[in-house]
Amino acid sequence: PEFDLAIRGGTIVTAADTMKADIGIRDGRIATLSASVTGAAREIDATGLLVLPGGIDSHVHISQYQGPDISMADDFASATAAAAAGGNTCVMPFALQQRGTSLRRCVEEYRALAEGRCIIDTAFHLIISDPTPEVLGQELPALVKDGYTSFKVFMTYDDLVLNDRQLLEVFEVARREQALVMVHCEGYDAIRYMTERLERSGQTRPFFHAASRPQVVEREAAHRAISHAELVDVPIVIVHVSGREAMEQVRWAQQRGMKIYAETCPQYITLTAEDLDGLNMEGAKYVCSPPPRDADSQAAIWEGLTQGVFQTFSSDHCPFRYDAVDGKLNPKARTSFRWVPNGIPGVETRLPILFSEGVSKGRISLQTFVALTATNHARLYGLYPQKGSIGVGFDADITLWDPAKRETIRQEILHHGADYTPWEGFAVTGWPVMTLSRGVVVAEDGKVTGTAGHGQILSRDISDFARPRGL
Ligand code: URP
Ligand code: ZN
Ligand code: ZN
Ligand code: ZN
């Protein structure tokens, strides 16, 4: 047969177009698009379905080291299984440098955790926590050349925070190597000050996590990161923008012609700080940083999504169990918000939430949905034109989507390693029915059919988006 597989009768959606066409797949790639593809070894009937580029989630945390007292709820097998079931064909987790350790060695350790376990393709960003002269001068440039073309830096967290001088030094290396820096924008000293003040007055419930890092803390850090990027003349990505104030900083910079890109996440269009105010410690299920804000911020995030302020919509999947197993929970984690691990699961629910809240409710077009969930991730992080669209030559990473299917998000239908979902009971319209990774069906009707090890660890190209203004 001329093709290994044909997907027939569906409506193909890309970031540019919607069209009725069949797809012919050969050797894991899209070999043809045409009105009618016949003569394939196998056919999939996509009548009545949307045929989307598989979701790319460029911000997930998998098996990331959290210190001696706690571990993340997903390994690479469960995280990529959950991702596939949720309509994704590629995830981008982080290889975290621990202070005092060689960055290269950390990268090899994370690769070893992922090797042979992934169901869909995976590509690592780096996290730089210790920008020594050796790291800046030798290790980072070599790693960029090896295809680790983006790295994240943090403006808060004891074990990760970089000071302004260190941020500037990392930015300078990124400019020289044309790598893309993702910045976690929250001010370290302000958070410590607020946390200690709240604890002194006995305000330790998870609800006060949000009060310990209000929007002004994120806005100040976003402005500082943008200013440093201007000084160095380097493009950066402001990740997980939570609300109006940080969004306005990004928009301001963009309107001044700066290459400031931005990401937001499902939690910031669907949750608010009130969700952290659950009974007993239940609010811990919603503790993430930055925290969800309020209705006005949700409206601002929609403005940013429709006006092009945001390029990517990622999950920031960072799963922890609520009920500990094997004592793997810091015993203090239920004494104060300060000790609750930051992060929520979401890799499996990102696409249904944006589709339902965005497309089904008429806020965004199908093209914007595809751009925000797949195409822009590939373009921004150097996976384009291998991934991120449906066209001849692209990997056959395809999600068949039922735009009319109603579903209620519940823990019992999910595949992640967490023991809860923050969206329990959340009703959506639109759901993935089949996910293909390089032409192989890896999830179908809520069942994961892919095998561990099918997913490859990808190296990435330099991104056009990382080119400084002055070059
Ligand atoms: O609370 C969060 N978002 N945890 C994940 C780590 C990060 O900062 O992205
Ligand atoms: Zn972050
Ligand atoms: Zn994150
Ligand atoms: Zn395979």
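Residues numbered from 1 in each chain as written. Chains lettered and ligands numbered in written order. Predicted model: local features only at pLDDT ≥ 70, side-chain atom pairs only at ≥ 80, totals over all residues.

(A) The arrangement of the overall build of the protein chain in detail. Along the backbone of the protein chain there are twelve helices and 21 strands. Here the protein chain has a C-alpha radius of gyration of 21 Å; the compact-globule value for 471 residues is 23 Å, and the two agree. Taking all 471 residues of the protein chain together, 57% fall into the buried category. (Helix = DSSP H or I, 4+ residues; strand = E, 2+ residues; numbered from the N terminus. Rg over C-alpha atoms; globule rule 2.2 N^0.38 Å. Buried ≥ 20, exposed ≤ 12 C-beta atoms within 10 Å, placed from the backbone.)

(B) Layout of the nonpolar core. Ranked by size, the top nonpolar core spans 138 residues in total, and within it Val 51, Val 181, Val 183, Ala 225, Ile 238 and Val 250 carry the most contacts. The contact partners of Ala 225, leaving out residues within four places of it in the chain, are Met 155, Val 183, Cys 185, Ile 236 and Ile 238. Counting 14 residues, the second-largest nonpolar core is a separate cluster that includes Ala 210, Cys 288, Cys 318 and Ile 344. (Core = buried A, V, L, I, M, F, W, Y, C linked by C-beta atoms within 7 Å. Contact = placed C-beta atoms within 7 Å.)

(C) Looking closely at the UniProt feature "modified residue: N6-carboxylysine" (unreviewed entry) in the protein chain. The UniProt entry lists Lys 152 under the feature "modified residue: N6-carboxylysine" (unreviewed entry), expressed in the numbering used here. Within the secondary structure, Lys 152 is located in strand β13 (residues 150-154). Not counting chain neighbours up to four residues away, the residues in contact with Lys 152 comprise Phe 94, His 125, Ile 127, Met 182 and His 184. (UniProt positions renumbered as here; feature names shortened; annotations may be inferred.)

(D) Quick peek at the sheet that holds strand β9 (residues 88-91). Pairing in this open sheet of three strands is parallel, and the strands run β8-β9-β11 from one edge to the other. Where the open sheet ends on each side, the last strands, each with one partner, are β8 (55-57) and β11 (121-122). Note: β9 against β11, two bridges, orientation parallel. Bridging across to β11, Cys 90 finds its partner in Asp 121. (Pairing = 2+ DSSP bridges.)

(E) The pairing of strand β4 (residues 22-26), seen in detail. Among the five residues in β4, four count as buried, and that is most of the element. Sheet analysis places strand β1 (residues 5-8) next to β4, joined by three bridges and oriented antiparallel. Bridge pairing in β4 places Ala 6 opposite Gly 24. The loop that links β4 with its antiparallel partner strand β5 (residues 29-34) comprises two residues; one of these, Asp 27, has a positive phi angle of about 50°.

(F) Seen up close, the packing of helix α4 (residues 164-177) against helix α7 (residues 215-232). Closest axis-to-axis distance for the α4/α7 pair is 10 Å, and the angle between their directions is 50°. With respect to each other, α4 and α7 are oriented oblique. Handedness of the α4/α7 crossing: right-handed. Counting all contacts with α4, which are made through Asp 164, Leu 167, Leu 168, Phe 171, Glu 172 and Arg 175, the residues of α7 involved are His 228, Ala 229, Leu 231 and Val 232. (Axes fitted to C-alpha atoms, helices over the stretch in contact; angles between N-to-C directions. Parallel < 35°, antiparallel > 145°, perpendicular 65-115°, else oblique. Left-handed = near helix turned anticlockwise from the far one by under 90°.)

(G) Region of the structure containing helix α10 (residues 295-307). In this model, α10 (13 residues) spans 18 Å end to end at C-alpha, consistent with the 18 Å of a helix rising 1.5 Å per residue. Every buried residue belonging to α10 is among Ser 297, Gln 298, Ala 300, Ile 301, Gly 304 and Leu 305, and all of these are buried. End-on view of α10: buried residues confined to an arc of 160°, all on one side of the axis. In α10, the exposed positions that point more than 90 degrees away from the buried face belong to Ala 295, Asp 296 and Gln 307. (Expected span 1.5 Å × (residues − 1). Arc of directions from axis to C-beta.)

(H) Broad picture of unusual backbone geometry. Residue Pro 290 follows Ser 289 across a cis peptide bond; omega there is -5°. Looking at where Pro 290 falls in the secondary structure, it is placed in the loop between α9 (267-270) and α10. Omega for the peptide link from Tyr 384 to Pro 385 comes to 10°, which places this bond in the cis form. With respect to the helices and strands, Pro 385 occurs in the loop between α12 (366-380) and β18 (398-409). If you check the backbone angles, Tyr 157 has positive phi at about 80° while not being a glycine.

(I) Seen up close, the environment of Arg 244. As for its position among the elements, Arg 244 is in helix α8 (residues 244-255). For Arg 244, a count of 20 C-beta atoms within 10 Å corresponds to the buried category. Each C-alpha atom of the pair Arg 244 and Ala 300 lies 5.0 Å from the other, and the pair is 56 residues apart in sequence. For Arg 244, the residues in contact, after removing those within four places along its chain, are Asp 296, Ser 297 and Ala 300.

(J) A look at the environment of Ala 221. Locating Ala 221 in the fold gives a position in helix α7. Judged by the 26 C-beta atoms lying within 10 Å of it, Ala 221 falls in the buried class. For the pair formed by Ala 221 and Gln 249, sequence separation is 28 residues and the distance between their alpha carbons is 9.9 Å. Once residues lying within four places of it in the same chain are set aside, the contact partners of Ala 221 are Met 155, Cys 185, Glu 186 and Gly 187.

(K) Layout of the packing of helix α3 (residues 133-145) against α4. It is at 10 Å that the axes of α3 and α4 come closest, and there the two elements cross at 45°. Classified by the interaxial angle, the pair formed by α3 and α4 is oblique. In terms of crossing hand, the pair formed by α3 and α4 is right-handed. Every residue of α4 that contacts α3 at Leu 136, Leu 140, Pro 141 and Val 144 is listed here: Glu 169, Val 173 and Glu 177. Of the residues contributing to the contact of α3 with α4, the split by class is five nonpolar, no polar and two charged. (Nonpolar A, V, L, I, M, F, W, Y, C, P; charged D, E, K, R; others polar.)

(L) Highlighting the pairing of β13. For β13, the buried fraction is high: five of the five residues fall into the buried class. Here β13 shows a buried face lined by Ser 150, Lys 152 and Phe 154 and a second buried face lined by Phe 151 and Val 153. Note: strand β12 (residues 125-127) against β13, two bridges, orientation parallel. Counterpart to Leu 126 in the pairing with β13 is Phe 151. Running through α3, the crossover from β12 to the neighbouring parallel element β13 is right-handed. (Right-handed = clockwise from strand over helix to strand, strands pointing away.)

(M) Examining the sheet that holds strand β6 (residues 43-45) more closely. Strand order in this open sheet of four strands is β5-β4-β1-β6, and the pairing throughout is mixed. If you trace the sheet from one side to the other, it starts and ends with β5 and β6, each paired once. Averaged over all pairs of adjacent strands, the angle between their axes in this sheet comes to 20°, without regard to strand direction.

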